[in-house]
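Close look at the chain arrangement
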Amino acid sequence: METDLHELLRSLRVWDPAVTELPPFDPATAPGDPLTLFTRWFADAVAAGQTEPHTMSLATSDAAGLPDVRVVMLHGADADGWSFATHADSRKGRHLAARPYAALVLYWPVLGRQVRLRGPVAVAPAAEAQADLHARSTGALAAALTGRQSAELDSPDELARASEAAWQRAGQEPDAPVPSWTLYRLLPDEVEFFQGDARRRHVRLVYRRAEDGGWSTRSLWP
């Protein structure tokens, strides 16, 4: 029997109290900069048992302005921006070369929270990209060494051979360089914090970067 997609969708709940706690959020108590609040919320998500809290959606656009989005991992966040990595010749790498501006969103349903960012994207020095890669797992290095991300694949066997060779090299050369591997940093012009509310009186606080480099904040209607 075929699944009725619409019926299945209507059967689902958002923020089921059995698995979700919606903590209060008073914008008046928010710190003066978004990085401090982000770090606090990220730690809360980890403590609450959120699965893979470091995954985030990355939206870019191609040279024609057509959008694309995919899930990537957060590699860090500091005064230089929120960082993620990929091959420079991947689809998102080509997008960022043509239009170095992007948006990110992290969603933590266990707390009914999301954080949205958008701003220009810069390329970190190559040495930092390689250091970031080699600080990660053998599997991450093997995936990077496999390469050809976003290229068309002729057969699964071709991937299996390339992946096996990459795993062998990653195990033998844990510092093997991957020249195309690139670390990107999104330095946000705007960061929005969203806290869900059971009565749908969601709290939204947006930070906007001022000309002097500081931040202003405003609350938004849900």
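The text that follows walks through the structure, step by step, so that each part is easy to find. Given the structure is predicted, the values throughout are model-derived calculations rather than measurements.

Now for a nonpolar patch on the surface. Where nonpolar side chains cluster on the molecular surface, the patch consists of L5, L8, L9 and L12 and spans about 400 Å² of accessible area. Residue class for L5 comes out exposed when judged on its relative accessible area of 53%.

Here we take up the pairing of strand 4 (residues 81–87). The buried fraction of strand 4 amounts to seven of the seven residues, a majority that puts the element mostly inside the structure. Two strands pair when backbone bridges link them, and strand 3 (residues 76–78) and strand 4 are joined in this way by three bridges, in the antiparallel orientation. Counterpart to D78 in the pairing with strand 4 is G81. Adjacent in sequence and paired antiparallel, strand 3 and strand 4 are bridged by two residues. Pairing between strand 4 and strand 7 (residues 181–186): six bridges, direction antiparallel. Across the sheet, A85 pairs through a bridge with L183, a residue of strand 7.

Where helix 4 (residues 126–134) is concerned, the buried positions are A129, Q130, D132 and L133. Looking down the long axis of helix 4, one finds its buried residues gathered within 160° of arc, a one-sided arrangement. At its buried positions, helix 4 is contacted by strand 4, helix 5 (138–146) and strand 7.

Bringing the pattern of salt bridges into the picture now. Oppositely charged side chains can pair when the atoms bearing their charge come close. Applying the stated rule across the entire model yields ten salt bridges. Here D68 ties to R70 by a salt bridge, and the two come within 3.8 Å at their closest N and O atoms. The class of D68 is partly exposed, set by a relative accessible area of 22%. Between E173 and R169 there is a salt bridge whose closest N-O contact spans 3.4 Å. On the basis of relative accessible area, E173 is assigned to the partly exposed category, the value being 37%. Given a relative accessible area of 34%, R169 falls into the partly exposed group. In the salt-bridge network here, residues are joined through shared partners; they are D68, R70 and R91.

Parameters at a glance
- Residues numbered from 1 in each chain as written.
- Predicted model: local features only at pLDDT ≥ 70, side-chain atom pairs only at ≥ 80, totals over all residues.
- Heavy atoms only, no water.
- Patch = residues over 30% accessible without salt bridge, like charges linked within 9 Å, V, L, I, M, F, W, Y side chains within 5 Å.
- Areas by Shrake-Rupley, 256 points an atom, 1.4 Å probe, with all protein chains shown as cover.
- Salt bridge = Lys/Arg side-chain N within 4 Å of Asp/Glu carboxyl O.
- Buried < 20%, exposed > 50% of the residue type's maximum accessible area, 1.4 Å probe, protein only.
- Helix = DSSP H or I, 4+ residues; strand = E, 2+ residues; numbered from the N terminus.
- Pairing = 2+ DSSP bridges.
- Arc of directions from axis to C-beta.
- Contact = heavy atoms within 4.5 Å.

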